[in-house]
Amino acid sequence: MEHEIKNFRISDQTMQYLSLAWERDPEVSGYIIEKLQGKEWEHVVLIGDNMITSCKVYDLKPYIKYYFRIRTFILGDSGNMLHGVASQIEAQVKSLKRISNLMKTASGEWVYVKDGKRDKNFTGLVQAPSGKWRYVKQGKIDWTFTGIAQAPSGKWYYVNRGALDWSYSGVINLPNGKIYEVNNGVIIKEKKS
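Here is what the cut-offs are and how they apply
- Residues numbered from 1 in each chain as written.
- Predicted model: local features only at pLDDT ≥ 70, side-chain atom pairs only at ≥ 80, totals over all residues.
- Heavy atoms only, no water.
- Helix = DSSP H or I, 4+ residues; strand = E, 2+ residues; numbered from the N terminus.
- Buried < 20%, exposed > 50% of the residue type's maximum accessible area, 1.4 Å probe, protein only.
- Areas by Shrake-Rupley, 256 points an atom, 1.4 Å probe, with all protein chains shown as cover.
- Salt bridge = Lys/Arg side-chain N within 4 Å of Asp/Glu carboxyl O.
- Core = buried A, V, L, I, M, F, W, Y, C linked by side-chain atoms within 4.5 Å.
- Pairing = 2+ DSSP bridges.
- Axes fitted to C-alpha atoms, helices over the stretch in contact; angles between N-to-C directions.
- Contact = heavy atoms within 4.5 Å.
- pLDDT = per-residue confidence, 0-100.

## What to know about the overall build of the protein
A count of helical and extended segments in the protein gives zero helices and 20 strands. By residue count, 37% of the 193 residues in the protein fall in the buried class. With the model as given, the accessible surface of the protein reaches about 11,900 Å², and the carbon-plus-sulfur share is 47%.

## Quick notes on the pattern of salt bridges
Applying the stated criterion across every chain yields a total of five salt bridges. For Glu34, the salt bridge goes to Arg69, with nearest N and O atoms at 2.5 Å. Residue Glu34 is located in strand 3 (residues 30-37), and its partner Arg69 is located in strand 6 (residues 65-75); the two are separated by 35 residues in the primary sequence. For Glu34, a relative accessible area of 8% corresponds to the buried category. The structure contains a network of salt bridges with shared partners spanning Glu34, Arg69 and Arg71.

## Observations regarding the nonpolar core
Grouped together as the largest cluster of nonpolar side chains are 16 residues, with contacts concentrated most on Phe8, Leu20, Trp22 and Phe68. Of all the secondary-structure elements, those providing two or more residues to this core are strand 2 (17-21), strand 3, strand 5 (54-58) and strand 6. Counting eight residues, the second largest nonpolar core, distinct from the first, contains Leu125, Tyr135, Ala149 and Ala151.

## Considerations on the pairing of strand 18 (residues 170-173)
Here strand 18 runs beside strand 19 (residues 179-183); their pairing, made up of four bridges, is antiparallel. Each residue of the ladder has a partner; that of Val171, found in strand 19, is Glu181. Two successive antiparallel strands, strand 18 and strand 19, enclose a turn made up of five residues, where Gly177 displays a positive phi of approximately 95°.

## Looking at the pairing of strand 15 (residues 147-150)
Two strands pair when backbone bridges link them, and strand 15 and strand 16 (residues 156-160) are joined in this way by four bridges, in the antiparallel orientation. For Gly147, the partnering residue across the bridge sits in strand 16 and is Val159. Taking the residues between adjacent antiparallel strands as the criterion, strand 15 and strand 16 are bridged by five residues, where Gly154 takes a positive phi near 100°.

## Examining the sheet that holds strand 5
The strands making up a sheet associate through backbone hydrogen bonding, with each pair oriented either parallel or antiparallel. Spatially, three strands are ordered 1-2-5 in an open sheet, and the strand pairing comes out antiparallel. Two strands lie at the open edges of the sheet, namely strand 1 (9-13) and strand 5, each paired on one side alone. Neighbour-to-neighbour, the strand axes of this sheet turn through a mean angle of 30°, independent of strand direction. Pairing analysis gives five bridges linking strand 2 to strand 5, with the strands arranged antiparallel. Its bridge partner lying in strand 5, Tyr17 is registered against Tyr58.

## Some words on the environment of Pro152
Note that Pro152 resides in the loop between strand 15 and strand 16. What makes Pro152 exposed here is its relative accessible area of 68%. Taking the C-alpha atoms as reference points, Pro152 and Gly124, 28 residues apart in sequence, are found 7.9 Å from one another. When residues no more than four places from it in sequence are discounted, the contact partners of Pro152 are Leu125 and Trp133.

## What to know about the confidence of the model for the protein
Mean pLDDT for the protein: 82, with 83% of residues reaching 70 or above. Per-element averaging of pLDDT across the protein places strand 7 (residues 81-83) at the bottom with 67 and strand 16 at the top with 94. Under a pLDDT of 50 for its full length, residues 95-99 has, in the predicted model, 14 contacts with residues more than four places off or in other chains.

In structure tokens form, the structure reads like this:
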């Protein structure tokens, strides 16, 4: 059986997983994904549907090189598996040291992570994985905050209940007595009272 998978690749990677993808082979029953652990190939997943052309691999550590291979199989008449030629790739998980972003904890709380660790001192605007900007106070999203906050770019924006409000244009009065003019969420200037 000479079925080598084409375009076996890493399609995405995060701090939590790698996504592997490949081209569909309509002549096989499914695919087997394996990871090289030491000198032995270890089973990761068996996919018994040739329509599925991707999978996620979890529990990987940063800085480690991993090798993955995919093999096809066809179920014979007696139920035995006839294996095809393996396609192999090398992968390395993104370094946690370079990733700073918001992450959801097991308890459902959104916290700010910098260099792979929770940063309880950070206060400011952060862009969430969804692309939306959130206000973080002392390392976690503050959904009660309404006011102005500074983004990493140095610009100031209007925040309404923890989220940058791009739709707001007008004047805001802060509790400290300062007044700011806002245009589509961006602070334009401080107004003299």
